[in-house]
Every structure is written in C-alpha cells, then in structure tokens.
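Below, each chain spelled out in residue letters.
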Amino acid sequence: MSSSSTAPRRGGKGEAAAAKPPIRDALVAAAFRLFLERGYEQTTVDDIVALAGVGRRSFFRYFPSKEDVVFPDHERCLADMTAFLAASSDGDEPVRRVCDAARLVLGMYAENPAFSVQRYRLTKQVPGLRAYELSVVWRYERALAEYLRGRFAGRRDGMLEADVIAAAVVAAHNNALRSWLRSDGEGDAGATVDHALGYVQAAFGHAEAEPGGRRSGAGAGASARTAADDVVVVAARRGTPLWQVVREVETALGPSGAARD
C-alpha cells in the first residue's frame, strides 16, 4: 500500500493507538505481571483491569474467569486440533495423525517460551490452576479419542483401543513438554516431543487390525523388517506391557537407531 494522508503522523494520537497492544494481550500481560509480583491468589480481576486500563466488562468479554487468563490460547488450540482431525482422510494412519495433532499443542507453547515457562512455574504453585490444567488436558485427550473411535469403529475393542492410544499420546507429549519447560525452555522442544511420540507410534502405529479386532503377529518379540522401506514392525499379544513392546522396538532398531540386518 502506498502512503496517504490517513497514515498517522509521528508523535500523534494515531501512532499511540497503533502502538497500544490489543486489549486481550494487555490483560494477559497485566495479569502475569501482578501474579509474579503479588501472587495469584492475592491478585483480583479488579487489579488486572486497573493495570491494563480497561473495565471489568472488557475482561469478561475475553476471559470467563481469572483461571482462563492463565491459559489464554487453549481454546484456539483445541479448535485447531479439532479442525485438523476433522480434515483427515481415510488414507491417514490414525496413530500418526493424532501424534501430529498433539504437536499443535507444542506449537502453541513454543510460540512464546518465556511466557510458557512462567505459566508452568505459576501452575506448579497454585493447586487450583493445576486442577484447571488437568481439565484442559482432558479436553485434548477427548478430542483425540473421539477421532480414533471413528477410525476404529467396527473393531472388537475399538473404543478401548482409541482411549488407550489417546491417553498414551497425551502422556508422552506432556512428559516431553514438561521436561522442556523444566529446562526453562532451552533446547529443541520439537525434537524432545518427537522422541516421546515416537514411543507411541512404535507401540501402536504399525500393526494392522485383523477381523475381530485382533492385531497381527504371534507375540511380543516377533518382529519383521521390509528392506525396501527400512521399516521395523513389532507385533505383540494383546495385553503386552507397553515397556516390553518399546524394548522390543529398541532391540530391533539397534543402538544406532537403524534396523538390524
């Protein structure tokens, strides 16, 4: 666009308005400043809006409660995850798809590592926030499970399988995410989460279901490699502990990460 008379002049009111952060961002910034200075329990909504320079109605237009201002982007991320899963095709491998959906949550945290670390520390200190976070995590897990239930419909234990895999994806993602947050956001968060989700894909993502809901393969330790694609497949009996399946995968891959001949 070319410049025009509508462009704000330096030092004018238009420039000040342009530099002012959006109300939602101003509320989040004000809230965390006060949480860090006074403590979460000692900070009220009135304190937050006073520092942000807005009214109470503005606060509740963006956040239903004080807890929501601590997790300002989870609703957007949950909507993105739901849309991502809804856009899946029948050709998408289900376990890989839910792992990719979980990476959307990581992306939200990685957008602003400093803020994410601050929130992690605050949440550890406030029991009410920990409970709130658990409710948010459950909503992510439910979205993953609902997608998998649709993909596994008709299997004998399709619903059970969907719920177990969804829980495993969330557990692996959160284990890696918290490890990254405990390191103050240092290092490659993506690589850490990829490593964790790799365990889930290794355990659940390769065996195809047979009619009746059974998985192919005689038992834990039965593995095969296709030379063309360099893929290791480990088949396990139903009920085999996850740690044992993972150990078989690691044994098949070898210490260097490449499949053994």
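Quick note: structure is the one above.
Residues numbered from 1 in each chain as written. Predicted model: local features only at pLDDT ≥ 70, side-chain atom pairs only at ≥ 80, totals over all residues. Heavy atoms only, no water.

> So what's going on with the overall build of the protein chain? Residues and values would help.
Counting its secondary structure elements, the protein chain contains 12 helices and 2 strands. When its helices and strands are written in sequence order, the protein chain yields α-α-α-α-α-α-α-α-α-α-α-β-β-α. Residue burial in the protein chain is summarised as follows: out of 261 residues, 38% are buried. Restricting to contacts in the protein chain with at least 6 residues of sequence separation, those with at least 24 account for 61%. Element-wise, carbon and sulfur atoms account for 53% of the exposed surface of the protein chain, whose accessible area totals about 15000 Å². (Helix = DSSP H or I, 4+ residues; strand = E, 2+ residues; numbered from the N terminus. Buried < 20%, exposed > 50% of the residue type's maximum accessible area, 1.4 Å probe, protein only. Contact = heavy atoms within 4.5 Å. Areas by Shrake-Rupley, 256 points an atom, 1.4 Å probe, with all protein chains shown as cover.)

> Please set out the nonpolar core residue by residue, giving values where relevant.
Residues L144 and V169 are the most contacted members of the largest nonpolar core, which totals 41 residues. For this core, the secondary-structure elements that each account for two or more residues are α6 (74–86), α7 (94–110), α8 (113–125), α9 (127–151), α10 (158–182) and α11 (189–204). Considering every element that reaches this core, the biggest residue donor is α10, with 11 residues. Apart from the residues lying within four places of it in its own chain, the contact partners of V169 are V98, C99, A102, L144, L197 and V200. Judged by nonpolar contacts, the second largest core, of 22 residues, contains L27, V49, F63 and F115. (Core = buried A, V, L, I, M, F, W, Y, C linked by side-chain atoms within 4.5 Å.)

> Give a detailed account of the packing of helix α2 (residues 23–38) against helix α3 (residues 45–52), specifying residues and quantitative values.
Close contact between α2 and α3 brings their axes to 8 Å; oriented N to C, the two are set at 120°. By the criterion of interaxial angle, the relationship of α2 to α3 is oblique. Crossing angle aside, the handedness with which α2 passes α3 is right-handed. Across the interface between the two elements, A26, L27, A30, A31, R33, L34, F35 and R38 of α2 pack against D47, I48, V49, L51 and A52 of α3. (Axes fitted to C-alpha atoms, helices over the stretch in contact; angles between N-to-C directions. Parallel < 35°, antiparallel > 145°, perpendicular 65-115°, else oblique. Left-handed = near helix turned anticlockwise from the far one by under 90°.)

> If you had to explain the packing of aromatic side chains to someone new, which residues and values would you point to?
Within this structure, the stated rule accounts for 7 aromatic pairs. Residues F32 and F35 carry aromatic rings whose centres are separated by 5.7 Å and whose planes lie at 65° to one another, so their mutual orientation is edge-to-face. Taken together, the residues F32 and F35, both in helix α2 and 3 residues apart, mark about one turn of the helix. Judged by its relative accessible area of 3%, F35 falls in the buried class. Where F71 meets Y132, the ring centres are 5.2 Å apart and the plane angle is 20°; that geometry is what we call stacked. Separated by 61 residues along the polypeptide, F71 in the loop between α5 (66–70) and α6 and Y132 in helix α9 bring together distant segments of the chain. (Phe/Tyr/Trp six-rings, centres within 6.5 Å; stacked < 30°, edge-to-face > 60°.)

> Account for the pattern of salt bridges, with residues named and values stated.
Where charged atoms from two side chains of opposite charge come close, those side chains can pair. All chains considered together, the criterion is met by 14 salt bridges. Taking the shortest distance from any N to any O, the salt bridge between R97 and D92 comes out at 3.9 Å. Here the residues in one salt-bridge network are R76, D80 and E111, joined through shared partners. (Salt bridge = Lys/Arg side-chain N within 4 Å of Asp/Glu carboxyl O.)

> Tell me about α9, residues and numbers included.
Residues spaced three or four apart along an α-helix point in a common direction, a consequence of the helix completing one turn every 3.6 residues. In this model, α9 (25 residues) spans 37 Å end to end at C-alpha, consistent with the 36 Å of a helix rising 1.5 Å per residue. All of the buried residues along α9 are L129, V136, V137, Y140, A143, L144, A145, Y147 and L148. Elements that come into contact with the buried residues of α9 comprise α5, α6, α7, α8 and α10. (Expected span 1.5 Å × (residues − 1).)

> Any details on unusual backbone geometry? Residues and values, ideally.
Residue D184 is not a glycine yet carries a positive backbone phi of 65°. Within the secondary structure, D184 sits in the loop between α10 and α11. Classification of D184 as partly exposed rests on a relative accessible area of 42%.

> Provide a residue-level description of α10, including the pertinent values.
Over its 25 residues, α10 runs 36 Å from end to end, which matches the ideal 36 Å to within 8%, given 1.5 Å per residue. Positive backbone phi, at 65°, marks D184, one or two positions downstream of α10.

> Describe the side chain of T123, listing the residues and the values that go with them.
With respect to the helices and strands, the residue T123 is situated in helix α8. From its side chain, T123 meets the backbone oxygen of R119 in a polar contact 2.7 Å long. Those residues in contact with T123 that sit more than four places away from it in its chain are F71, L129, R130 and E133. (Polar contact = N/O pair within 3.5 Å; in protein donor to acceptor, adjacent residues only side chain to side chain.)

> How would you summarise the packing of α7 against α8 if you had to cite specific residues and measurements?
Two elements in contact, α7 and α8, have axes separated by 7 Å at closest approach and are oriented at 100°. The pairing of α7 with α8 is recorded here as roughly perpendicular in orientation. For the pair α7 and α8, the contacting residues are M108, Y109 and A110 in the first and P113, S116 and R119 in the second.

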